Amino acid sequence: MAMKKKFLGLAMAAMVAMPATTAFAATPEGYKSIEMGETETQQVQIPVTGSIKNKDGQAPAGRIEVELPTKMAFTVDENGTFHNTTYTVQNKSSNVNIDLSVASFSGGSDSAGKSTGIKLHPGGTITDPSQNYRNEIELKLTNSKDGKSVDLGKFNTLSGDDTKLATIEAGQTNSIVLSGVAGSKESKTQIPGGEDVDTKGASENFNLVFEIKRTK
C-alpha cells in the first residue's frame, strides 16, 4: 500500500491519498504528486523568495511579485510592513496521519540597508523597527490550527520537536502562515552611492525543505 503526496506551489499543500480503489481528480495545475511507501519519509524542497519594495512602492528590478508553483514568497512594503502569506496543507489519506516538519532552511545575507539582499534575524531581535533597515527581517512558519511556530531565523539551532509544525490527521486540512517582522529605518542617508534598499529595493532566495512522514 502506498501513499500519494501532493505539494501546491501557490498555496503549498501536502495531500496523502490511498491509490488502491479510491478515485481522485487529476492533479491540478500548480501541484506535483509524490508516491511513497507507508513506512517511508520524504523531503521536498520549497524555494522561498523575498522581495523588498523601494520607497516608491515598486518591486526591485527583475523581480515578479507572484507566488510561483512549488514556491513561497513574501513582500516587505515601502513602509516596512511585512505581508504574511498563507499556505494550505491537506492530508487526503483515509486512515493515515502525517507529521509536517521543517527539515532544513538556508539563505539570507549580511546586507543590512543595502540593495544586495535580505538579512535574517532570530525572532525577538527586531524589537524597535526604527533601528533596523527594511531588508532586515524576522521570519517564521506557524501552524494556524494550534499556533505552533518554527523560527526560521534561528533554524540552525533547532532540533527535534522544535522543527515540527503540525500533525495533520487523515482527511484534515491545516493552514501554514509565513510571517515576519521588518525594520523601517531609512537607508538613503546611511548607504552611499544609491545602492541602498530604499532606492533600489532588494531580493533574496531562501531554501526551505519540508519533511513529511507518517505519524508514529
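In this convention, every chain numbers its residues from 1, walking through the sequence in written order. Where totals are concerned, whole chains, interfaces and linings use all residues; where local detail is concerned, this predicted model gives features only for residues with pLDDT of at least 70, and gives and counts side-chain atom pairs only at 80 or more. Note that the side-chain values use all heavy atoms of the structure and ignore hydrogens as well as water.

1. Remarks on the pairing of strand β5 (residues 72–76)
Part 1 of the argument: Remark: exposure states derive from per-residue accessible area (1.4 Å probe, protein chains only) relative to the maximum for the residue type, with buried under 20%, exposed over 50%, and partly exposed in between. The secondary structure listing takes helices from DSSP runs of H or I that are at least 4 residues long and strands from runs of E that are at least 2 residues long, numbered from the N terminus. Taken across its five residues, β5 has five buried, putting it largely inside the fold.
Part 2 of the argument: Covered by surrounding structure in β5 are M72, F74 and V76 together with A73 and T75, the residues of both alternating faces.
Part 3 of the argument: With two bridges joining them, β5 and strand β6 (residues 82–83) adopt antiparallel strand pairing. Within β6, the residue paired with V76 across the bridge is F82. Two strands pair if DSSP finds at least two bridges between them.

2. A word on the environment of N135
Part 1 of the argument: Its place among the elements puts N135 in the loop between β9 (119–121) and β10 (136–143).
Part 2 of the argument: Along the sequence, N135 and S184 sit 49 residues apart, while their C-alpha atoms lie 8.7 Å from each other.
Part 3 of the argument: Of note is the side chain of N135, whose polar atom sits 2.9 Å from the backbone oxygen of G117. Pairs of N or O atoms within 3.5 Å make up the polar contacts considered here, provided that, within protein, one atom can donate a hydrogen while the other can accept it, and that residues adjacent in sequence are counted only when both atoms are side-chain atoms.

3. Quick look at the confidence of the model for the protein chain
Part 1 of the argument: In this model, the protein chain carries an average pLDDT of 76, and 70% of its residues clear a pLDDT of 70 or more.
Part 2 of the argument: Per residue, pLDDT captures the predictor's confidence, and it can take any value from 0 to 100. Confidence scores differ between elements of the protein chain, with strand β2 (residues 15–17) showing the lowest mean pLDDT of 24 and strand β11 (residues 149–151) the highest of 97.
Part 3 of the argument: For this analysis, residues touch if any pair of their heavy atoms sits within 4.5 Å. Low pLDDT, under 50, characterises residues 1–26; the predicted model gives this stretch 98 contacts beyond four residues in sequence or across chains.

4. Digging into the packing of aromatic side chains
Part 1 of the argument: Two aromatic rings from Phe, Tyr or Trp, using only the six-membered ring of Trp, form a pair when their centres are within 6.5 Å; if the ring planes differ by under 30 degrees the pair is stacked, by over 60 it is edge-to-face, and anything between is tilted. Overall, the coordinates contain three aromatic pairs when judged by the stated rule.
Part 2 of the argument: Ring centres 4.9 Å apart and planes at 20 degrees place the aromatic pair F74 and F82 in the stacked group.
Part 3 of the argument: Relative accessible area serves as the criterion here: at 2%, F74 is assigned to the buried category.
Part 4 of the argument: Summarising the aromatic geometry, the rings of F74 and F206 are spaced 6.2 Å apart at their centres and angled 40 degrees between planes, so their arrangement reads as tilted. Taken together, the residues span a long stretch of sequence, with F74 in strand β5 and F206 in strand β14 (residues 202–214) at a distance of 132 residues. The pair formed by F74 and F206 is uniform in burial state, with each residue classed as buried.
Part 5 of the argument: In textbook terms, an aromatic cluster arises when at least three aromatic residues are bridged by ring pairs, as seen for F74, F82, F105 and F206.

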